[in-house]
Amino acid sequence: MDSRLHAPMYDFLVNLSLLDTAYISSTGPQVLEHLLAAVWTVPYRACLPQIFFLHFLAPWECFLLTAMAYDRYAAIGRPPHHLVLMGRGRTRAGMASTSRLLALADAFAHTVLAAPLRFCGPRLITHFSCGLPPLTRLSCSSTWATELALFVFSFVVALAPRAPVAIACVRVVAAILRIHSAEGRRKAFSTCGAHTTVVCIFYIASVLCYILPSSACSGLRDRVLSVLYVVLTPMLNPVIYSMRNKEVKRALFKALGKESAS
């Protein structure tokens, strides 16, 4: 509704907001149900859809954060070429489609590998969702293929995108240091610093949770790390990208009929 938000960055934020809403919706309602219900049970057939959506949405967010980091680098490090690099709808659509296809392949592989797992002993999941790490620890069947897939896909999905993100962050910092205005440097550092913080929390927590073998992980650490990237990151994203963004706040006030003068 606001022409000032017709920019590549806000296309990515639309995808991020929808993704975060779906992400927390795949675990949050079940957690609330189990907190209020007398019996904390879930059939295994209900675990498989949750595994699929967790392994679809988390990789999608990894790739989306990588695209957003490149967009910030192009906007700050190469402003004259920003619209040329990111302004074309075909470029953004291609990046979004590629990220979704890679995430879909990850989710499909993990769901197929999780379906035949058998459980002979205790079936108490020391977790708040049906994640693969706690399920592999309970399974009495061979889990080497599942753990190998977790390791490989965690490397491809989480570690590989960190390289372009790190390069983009270094180039953004170098470009910011070349800004002569102290106020301009402060604003640029404020925006990029917040984005970098969220990216680090999401990547580090998800990598530590999925790339380590199940024998090396404790239930408590798994739960803490999962809260960081499943709950904390979707909670921080609206604060960082919307509530601290003057353009978004102006558009909101305009839509509400209260045009802000700031």
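Residues numbered from 1 in each chain as written. Predicted model: local features only at pLDDT ≥ 70, side-chain atom pairs only at ≥ 80, totals over all residues. Heavy atoms only, no water.

Student: With reference to specific residues and values, describe the overall build of the chain.
Tutor: Regarding its fold elements, the chain presents 10 helices and zero strands. For the chain, the succession of helices and strands along the chain, N to C, is α-α-α-α-α-α-α-α-α-α. Looking at the chain residue by residue over its 262 residues, the buried ones come to 42%. Excluding contacts between residues fewer than 6 apart, the proportion of contacts in the chain whose partners are at least 24 apart in sequence is 74%. A total of about 14,100 Å² of accessible surface is found on the chain, and carbon and sulfur atoms cover 70% of it. (Helix = DSSP H or I, 4+ residues; strand = E, 2+ residues; numbered from the N terminus. Buried < 20%, exposed > 50% of the residue type's maximum accessible area, 1.4 Å probe, protein only. Contact = heavy atoms within 4.5 Å. Areas by Shrake-Rupley, 256 points an atom, 1.4 Å probe, with all protein chains shown as cover.)

Student: Please give an account of the packing of aromatic side chains that cites residues and values.
Tutor: Overall, the coordinates contain three aromatic pairs when judged by the stated rule. Each ring, one from F52 and one from F53, has its centre 5.4 Å from the other, and the planes form 85°; the classification is edge-to-face. Since its relative accessible area comes to 42%, F53 is described here as partly exposed. Consider the rings of F52 and F56, whose centres lie 6.2 Å apart with planes at 15°: the pair is stacked. Taken together, the residues span about one helical turn, with F52 and F56 both in helix 3 (residues 44–77) at a distance of four residues. A relative accessible area of 16% places F56 in the buried class. A network of ring pairs unites the aromatic residues F52, F53, F56 and W60 as a single cluster. (Phe/Tyr/Trp six-rings, centres within 6.5 Å; stacked < 30°, edge-to-face > 60°.)

Student: Give me a nonpolar patch on the surface: which residues, what numbers.
Tutor: Together, W144, L148, F151, V152, F155 and V156 make up a nonpolar patch on the protein surface, roughly 620 Å² of accessible area in all. Position of W144 among the secondary structure elements: in helix 7 (residues 144–177). A relative accessible area of 61% means that W144 is categorised as exposed. (Patch = residues over 30% accessible without salt bridge, like charges linked within 9 Å, V, L, I, M, F, W, Y side chains within 5 Å. Salt bridge = Lys/Arg side-chain N within 4 Å of Asp/Glu carboxyl O.)

Student: Describe the UniProt feature "transmembrane region" (unreviewed entry) in the chain, with residues and values.
Tutor: As recorded in UniProt, the feature "transmembrane region" (unreviewed entry) lies at residues 148–177, 189–213 and 225–243. Here residues 225–243 is 100% helix and 0% strand, with 25 Å between the C-alpha atoms at its ends. (UniProt positions renumbered as here; feature names shortened; annotations may be inferred.)

Student: Kindly report on helix 2 (residues 28–36), identifying the contributing residues and their values.
Tutor: Of all the residues in helix 2, the buried ones are G28, Q30 and H34. Mapping the buried residues of helix 2 onto a view down its axis gives an arc of 165°, with all of them on the same face. Turned more than 90 degrees away from the buried face of helix 2, the exposed residues are L32, L35 and L36. (Arc of directions from axis to C-beta.)

Student: Tell me about helix 1 (residues 8–25), and name the residues and values.
Tutor: Two residues of an α-helix separated by three or four positions point the same way, owing to the 3.6 residues in each turn. Taking 1.5 Å of rise per residue, the 18 residues of helix 1 would be expected to cover 26 Å, and the 26 Å separating its terminal C-alpha atoms lies within 8% of that figure. Along helix 1, the residues that are buried comprise P8, M9, Y10, F12, L13, N15, L16, L19, D20 and Y23. (Expected span 1.5 Å × (residues − 1).)

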